[in-house]
Amino acid sequence: LVARTVVGGTKYSEKSFSLFKTSTPTVMLTALKVAEDGMARGIVARVWNSAKADTTFSFSGNLLATDELTHVESLKGAVPPTILLRNQETATYLMR
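About the thresholds
- Residues numbered from 1 in each chain as written.
- Predicted model: local features only at pLDDT ≥ 70, side-chain atom pairs only at ≥ 80, totals over all residues.
- Heavy atoms only, no water.
- Helix = DSSP H or I, 4+ residues; strand = E, 2+ residues; numbered from the N terminus.
- Buried < 20%, exposed > 50% of the residue type's maximum accessible area, 1.4 Å probe, protein only.
- Contact = heavy atoms within 4.5 Å.
- Pairing = 2+ DSSP bridges.
- Axes fitted to C-alpha atoms, helices over the stretch in contact; angles between N-to-C directions.
- Salt bridge = Lys/Arg side-chain N within 4 Å of Asp/Glu carboxyl O.

A. Representation of the overall build of the chain. In terms of regular secondary structure, the chain is built from zero helices and nine strands. Ordered by position in the sequence, the α and β elements of the chain form the string β-β-β-β-β-β-β-β-β. Residue burial in the chain is summarised as follows: out of 96 residues, 28% are buried. Considering only contacts within the chain whose residues lie at least 6 apart along the sequence, 65% involve residues at least 24 apart.

Printed below as a string of structure tokens:
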């Protein structure tokens, strides 16, 4: 995975393109990386509920499937349409 600054052009405008989005602004992306097993498995996203209360959110965007993982990337199961994160909780998801 290579990250670069995008300048000029409109094909991938930040206003019209995103790999994925969360429905709640207090759920913050803290890491985005290739899965330990390689890109064929997918991309791992770690999120943190920065709110001081339990929060529900959902993912949307260019995703075929999303699974929940442990922090060492063992599969926990499929993600429901609405996800509950507890007060200050961090969670890990596999995006495909």
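B. Broad picture of the sheet that holds strand β2 (residues 27-34). Taken together, the five strands give an open sheet; going across it, the order is β2-β3-β9-β6-β7, and neighbouring strands pair in antiparallel fashion. Each end of this open sheet is capped by a strand with a single partner; those strands are β2 and β7 (75-78). For this sheet, the mean angle separating the axes of adjacent strands, direction not counted, is 30 degrees. Pairing between β2 and strand β3 (residues 43-49): seven bridges, direction antiparallel. Directly across from V27, in β3, lies its bridge partner N49.

C. Spatial organisation of the pattern of salt bridges. Summed over the entire model, instances satisfying the criterion amount to seven salt bridges. For the salt bridge of K33 with E36, the shortest nitrogen-to-oxygen distance reads 2.9 Å. Assessed through its relative accessible area of 22%, K33 is described here as partly exposed. Look at E36 and you get exposed, because its relative accessible area is 59%. Taken together, the salt bridges that share partners define one network made up of K33, E36, R46 and E73.

D. Region of interest: the pairing of β3. Counted residue by residue, β3 has six buried out of seven residues, so it is predominantly covered. Relative to strand β9 (residues 90-95), β3 runs antiparallel, the two sharing six bridges. Counterpart to W48 in the pairing with β9 is T90.

E. Just unusual backbone geometry, in detail. Positive phi, close to 70 degrees, is recorded for E73, a residue that is not glycine. For E73, the position within the fold is in the loop between β6 (66-69) and β7.

F. Quick peek at the environment of E73. Here E73 falls in the buried class, since its relative accessible area comes to 7%. In this structure, the C-alpha to C-alpha distance between E73 and L94, residues 21 residues apart in sequence, is 8.2 Å. If sequence neighbours within four positions are ignored, E73 has contacts with K33, A35, E36, R41, V44 and R46.

G. The side chain of D67, seen in detail. Looking at the element boundaries, D67 is found in strand β6. Under the relative-accessibility criterion, D67 is labelled buried at 12%.

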